[in-house]
Amino acid sequence: VGEEPSRIEQLVESSSSFDVENIYSSKEPLKQYGYDLFASNPVTFAPVSDAPIPSNYIIGPGDSVNILLFGSTSKDIIRKVTRNGYLHLPGLGPVPVAGLSFAELKENLLERIANQMIGVKASISLGELRTIRIFALGNVQKPGSYTLSALSTLTNAIFSSGGIKRIGTLRNIQLKRNGKVISNFDLYDLLLNGDTSKDRRLLPGDVVFVPPIGPTVSILGAVHRPAIYELTKSSRSLEQVLSMSGGVMPTASLSSTIIQTVDPKQKASVFTIDLTSNKGKAYQVNNGDMVIIQHRILYKGGSILLSGEVKSPGIYPIAPGEKLSSVIQRAGGFTEAAYLEGSVFTRERLKKLES
């Protein structure tokens, strides 16, 4: 995954007409964020067999239960849960356990042993766990049916299926059970924050479904993690996009952030915005927008006055050898009313020579 640029990556690269040396922090093409996680994924997922069993683990047919009896009677009993959900224990008879959590199973068995086997105490643990069959469908590399450990979670199923295609969403992965969506998992929570609280444990017959990718925004320049990020309805502000990109570098010039948009409602396709203001931080980006955080250069070449039909007229510092076209780019480019053939360039030193 990741060798050939995706369609989104190709569009971003072709739409960028800016000076690479002045704006990009590196000459590497932008990549869709998060999909490299599956670049070297294993063909199958084999969870650690000796992992501790959580107390909320649900018992099902095929699970092995170990019961160590001690006291007036010493015995080590290993029984598997039958297909109809019972444990057949000597001295206790068939005990219905399917559907109980591990904590409920222990409480139930300890109570029965205390009541029916006088002078006997017990230690209860789980042995070999059952396997479950689930489905990974939608925009995954290898959709199909998979047999996994009963401790497997939604992310385990994604890795087993080869990962998510770059046309698939990372932000709205659905867990379906009995035809209903019971959970929506945002993989960005795991990638950006290490949050696995919504990584639900799977049950037999579950379907992990990956819908198509949602709207995206690309951010580049003076940020720590330039990339193409997927948006959600609640993560469209510039401040949130900056947070996803790891924040800005110390050299960032936030007051002249460039937005290149494809939204037809905007009067200009390229404009600047002040990210130091609350209005700038709250600006809602659109699908396909490109955000360019410019580097604040330590200028030693003086300054020039840029006036007239440019997006952001004013006084701009210049670096030695910098071209006028570069300064115009920093000013957001020309307005629609600009008459380029009538542009006037004056230099103070030439004025003095003429006089």
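Scroll up to find the structure this text is about.
Residues numbered from 1 in each chain as written. Predicted model: local features only at pLDDT ≥ 70, side-chain atom pairs only at ≥ 80, totals over all residues. Heavy atoms only, no water.

A. Molecular detail of the overall build of the protein. A tally of regular secondary structure across the protein gives 9 helices and 17 strands. Here the protein holds 355 residues, and the buried ones make up 40% of them. Of all intrachain contacts in the protein linking residues separated by at least 6 positions in sequence, the fraction that spans at least 24 positions is 58%. Element-wise, carbon and sulfur atoms account for 53% of the exposed surface of the protein, whose accessible area totals about 19,600 Å². (Helix = DSSP H or I, 4+ residues; strand = E, 2+ residues; numbered from the N terminus. Buried < 20%, exposed > 50% of the residue type's maximum accessible area, 1.4 Å probe, protein only. Contact = heavy atoms within 4.5 Å. Areas by Shrake-Rupley, 256 points an atom, 1.4 Å probe, with all protein chains shown as cover.)

B. Broad picture of the nonpolar core. Ranked by internal contacts, the top residues of the largest apolar core, which has 66 residues, are Val-65, Ile-67, Leu-105, Leu-109, Ile-173 and Ile-293. Counting 9 residues, the second largest nonpolar core, distinct from the first, contains Leu-30, Ile-228, Ile-258 and Met-290. (Core = buried A, V, L, I, M, F, W, Y, C linked by side-chain atoms within 4.5 Å.)

C. Focus on the packing of aromatic side chains. Across all of its chains, the model carries 4 aromatic pairs by this definition. With 6.0 Å between their ring centres and 75° between their planes, Phe-271 and Tyr-283 make a pair best called edge-to-face. Taken together, the residues span a long stretch of sequence, with Phe-271 in strand 14 (residues 270–273) and Tyr-283 in the loop between helix 7 (278–281) and strand 15 (290–295) at a distance of 12 residues. Ring pairing ties together the aromatic residues Tyr-33, Tyr-188 and Tyr-229, which thus form one cluster. The residue whose ring lies beneath Lys-176 is Phe-209, and the NZ or CZ to ring-centre distance is 4.7 Å. (Phe/Tyr/Trp six-rings, centres within 6.5 Å; stacked < 30°, edge-to-face > 60°. Lys NZ or Arg CZ within 6 Å of the ring centre and 35° of its normal.)

D. Layout of the sheet that holds strand 7 (residues 144–149). If you walk across this open sheet you meet the 5 strands as 7-6-10-8-9, and the pairing is mixed. Strand pairing shows two members of the sheet lacking a second neighbour, strand 7 and strand 9 (180–185), which therefore form its edges. The sheet shows a mean angle of 30° between the axes of neighbouring strands, direction not considered. One ladder, built from 4 bridges, connects strand 6 (residues 131–138) with strand 10 (residues 207–210); its direction is parallel. Its bridge partner being in strand 10, Ala-136 is matched across the sheet by Val-208. (Pairing = 2+ DSSP bridges. Axes fitted to C-alpha atoms, helices over the stretch in contact; angles between N-to-C directions.)

E. Region of the structure containing the environment of Ser-161. With respect to the secondary-structure elements, Ser-161 resides in the loop between helix 4 (154–160) and strand 8 (173–177). When near neighbours in sequence (up to four residues on either side) are disregarded, Ser-161 contacts Ala-136, Val-140, Gln-141, Lys-142 and Tyr-146.

F. Representation of unusual backbone geometry. Located in the positive-phi region is Asn-178, a residue other than glycine, with phi close to 55°. With respect to the helices and strands, the residue Asn-178 is situated in the loop between strand 8 and strand 9. Since its relative accessible area comes to 76%, Asn-178 is described here as exposed.

G. Representation of the sheet that holds strand 1 (residues 64–71) within the structure. Taken together, the 3 strands give an open sheet; going across it, the order is 2-1-5, and neighbouring strands pair in antiparallel fashion. At either margin of the open sheet sits one strand with a lone partner, and together these are strand 2 (75–80) and strand 5 (120–126). Each strand of the sheet is rotated relative to its neighbour by a mean of 20°, with strand direction disregarded. Across 7 bridges, the pairing between strand 1 and strand 5 is antiparallel.

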